[in-house]
Amino acid sequence: MERKSGILMPIFSLPSKYGIGTLGKEAYKFADFLAAAGQSVWQLLPLGPTSYADSPYSSFSTFAGNPYFIDLDALVEDGLLKRSEIKAVDWGDDPRQIDYGKIYENRFKILALACERGWERDAEAVAAFERENAGWLPDYALFMALKRRFGMKSWLEWPDEAARMREPEALDSYRIELAEDIRLFTYAQFLFFRQWNAMRDYVHSLGIDIVGDLPIYVATDSADIWAEPQFFQLDEERRPQFVAGVPPDSFNADGQLWGNALYDWDALKSDGYGWWIRRIEGALKLYDVIRIDHFRGFESYWSVPADAETARDGEWLKGPGMDLVGVLKGWFPHARFIAEDLGYLTDGVRKLLSDSGFPGMKLLQFAFGSEDGDYLPHSYGYNSICYIGTHDNPTLKQWLGLLKKKELAFAKKYCALSEEEGYDRGILRMGQLSPSMLFVAEIQDYLGLADGCRINTPGVVEGNWRWRLLPGELTSKLAKDIRELTARYGRLNPRAPQPKKREAKEK
């Protein structure tokens, strides 16, 4: 049985001169680093265009790519931009933290210049791209154009009720009025997917798979719900009746009120789950392996009245279970999935995971609270994925500093941790030697980073999704160290060639 190892590194966290990571040279360099380190997997966070609080888990579309990730240097090389145009923009002055305000203010101005120069030139290729993505692209482009028209307000708050309710005559009128913006959002997707496909091909040439996250819910303020409201629990005015969240627990007395509109599972089933089939098709255009976030929501989900102030007032309702999972496995027999089965688990959730056959997740940061817990590595089965933590957890170095004395003492005894090796290195060693088929750590964990380097703190609105790798932090010595650790525990990728010096150019 093949054992693998990988690293979690969001695209937005790559180094860049233009404020946020992109699909350009640094993405190719990171792929080279993974190959040199003997890794088999690059795990990403969702790639969609971000909305509220800049979270990749709250996107304007489940199908679209984030225009922020379009590499500007590649557009210069392609004759769509001038170097002076992108250098004249203030993209932020902190290489460690993304300034989303400046990105939001300036990115589409630059992309509009590229669209002006490329729309006619690339007309044939764009038309082919539109045909290939006719199921979602026209609605997405019109949705974004309408959001611009109405000051980027949520579609629930648009002042034109006819546009909000998708009355055909109104939409026809806006397609004419907003033609320029519709072209911009269409062309931006064309550029994103052209660059993505080139980068993904390069990653594959190194024998590396891409694991991507698929949030179980879509954002209420999204083209998905605006365009196909019949598949969600909305009232006659197309406003959410109930929203998603999770109940109170030891971490949060009020639970978490996510606010996503909930699915109308009966309507989806009546349609043969076609919406979910299309969604998986879209995700497979991006990823080799799909990690389904909040998988337990397929078994039962926490439903909260839309007017509730906290998640306390919710209740558990039955989800589609194997009825949906079986359809997806039937349509995509060769697709690979990971079930994010963290949180409040029941026998029903455990049975669904077992029946699905999908590997679940094991977090080492959850392991040392008791000496007989489910997250201790000796209890892992092969059909599981071992993580240090997720993007919602502290970095490994931070976590070690937060452990209670009793927990740290148990971790030291269980993992044979020593100051000579370094406690963080000892935990990485434990993940690599675990029985799980795949071990994944964040790049921050291998770099030994702590304060200011966490990706996300759940329940905190500000300051998330901003961390960036600094130029030069990934060294050949680090790659060698990771490779040696990976090889020691039988996870070395035999298909990844040694990296070659190259000039990464868009294909």
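(A) Region of the structure containing helix H19 (residues 476-488). Here H19 contains 13 residues, and its C-alpha end-to-end distance of 18 Å stays within 8% of the 18 Å for a straight helix at 1.5 Å per residue. Looking at H19, one finds that the buried residues are Leu-478, Ala-479, Ile-482, Leu-485 and Thr-486. Summarising the axial view, the buried residues of H19 lie within an arc of 130°, below the 170-degree limit, and thus occupy one face. Opposite the buried face of H19, at more than 90 degrees from it, the exposed residues are Ser-476, Lys-477, Lys-480 and Arg-488. Summarising the contacts, the buried residues of H19 are in contact with strand S1 (4-8), helix H1 (25-36), helix H17 (423-433) and helix H18 (443-447).

(B) Structural context of the sheet that holds strand S6 (residues 289-292). In spatial order, the strands read S9-S6-S3-S2-S1-S12-S11-S10; together these eight strands make up an open sheet with parallel pairing. The open sheet terminates on both sides in strands that have one partner only, identified here as strand S9 (336-339) and strand S10 (360-363). Going across the sheet, the axis of each strand differs from the next one's by a mean of 25°, ignoring polarity. Strand contacts of H17: S1, strand S11 (384-387) and strand S12 (438-442), with the helix running at about 155° to S12, the strand carrying the most contacts.

(C) Main features of the nonpolar core. One finds Trp-42, Leu-146, Trp-276, Phe-298 and Ile-427 to be the most contacted residues of the largest nonpolar core, which totals 165 residues. Sorting elements by how many residues they give to this core places helix H9 (residues 179-205) first, with 14 residues. For Phe-298, the contacting residues outside a window of four places in its chain are Ile-216, Trp-265, Trp-276, Ile-292, Gly-319, Pro-320, Gly-321, Leu-324, Val-325 and Leu-352. Counting residues in each nonpolar core, the second largest holds five residues, with Val-243, Trp-302, Ala-308 and Ala-311 among its members.

(D) View of the sheet that holds strand S7 (residues 300-305). Taken in spatial order, the four strands line up as S5-S4-S7-S8 in an open sheet, and their pairing is antiparallel. Among the strands making up the open sheet, the edge pair consists of strand S5 (256-261) and strand S8 (315-318). Averaged over all pairs of adjacent strands, the angle between strand axes in this sheet comes to 50°, irrespective of strand direction. Judged from the four bridges that link them, strand S4 (residues 242-246) and S7 form a sheet pairing that is antiparallel.

(E) Focus on the packing of aromatic side chains. What the rule picks out here adds up to 42 aromatic pairs. Considering the side-chain rings of Phe-129 and Phe-190, the 6.1 Å spacing of their centres and the 70° angle between planes classify their relative orientation as edge-to-face. Taken together, the residues Phe-129 in helix H5 (residues 123-132) and Phe-190 in helix H9 connect sequence positions 61 residues apart. Phe-190 carries the same exposure label as Phe-129, and that label is buried. Ring plane angle 40° and centroid distance 5.8 Å describe the contact between Phe-129 and Phe-193, whose orientation is recorded as tilted.

(F) Highlighting the pattern of salt bridges. Counting across every chain of the model gives 34 salt bridges. A salt bridge links Lys-17 to Asp-73, with the nearest nitrogen and oxygen atoms 3.9 Å apart. With Lys-17 in the loop between S1 and H1 and Asp-73 in helix H2 (residues 72-77), this pair connects stretches of sequence that are 56 residues apart. By relative accessible area, which is 60% here, Lys-17 ends up exposed. By relative accessible area, Asp-73 is classed as buried at 17%. We note a salt bridge from Arg-164 to Glu-161, for which the minimum N-O separation is 2.9 Å.

(G) Geometry of the confidence of the model for the protein. Scored by pLDDT, the protein has a mean of 95; 97% of the residues are at 70 or more. Counting interchain partners and residues more than four positions distant, the pLDDT-below-50 stretch residues 502-507 has 13 contacts.

Rules used in this analysis
Residues numbered from 1 in each chain as written. Predicted model: local features only at pLDDT ≥ 70, side-chain atom pairs only at ≥ 80, totals over all residues. Heavy atoms only, no water. Helix = DSSP H or I, 4+ residues; strand = E, 2+ residues; numbered from the N terminus. Expected span 1.5 Å × (residues − 1). Buried < 20%, exposed > 50% of the residue type's maximum accessible area, 1.4 Å probe, protein only. Arc of directions from axis to C-beta. Contact = heavy atoms within 4.5 Å. Pairing = 2+ DSSP bridges. Axes fitted to C-alpha atoms, helices over the stretch in contact; angles between N-to-C directions. Core = buried A, V, L, I, M, F, W, Y, C linked by side-chain atoms within 4.5 Å. Phe/Tyr/Trp six-rings, centres within 6.5 Å; stacked < 30°, edge-to-face > 60°. Salt bridge = Lys/Arg side-chain N within 4 Å of Asp/Glu carboxyl O. pLDDT = per-residue confidence, 0-100.

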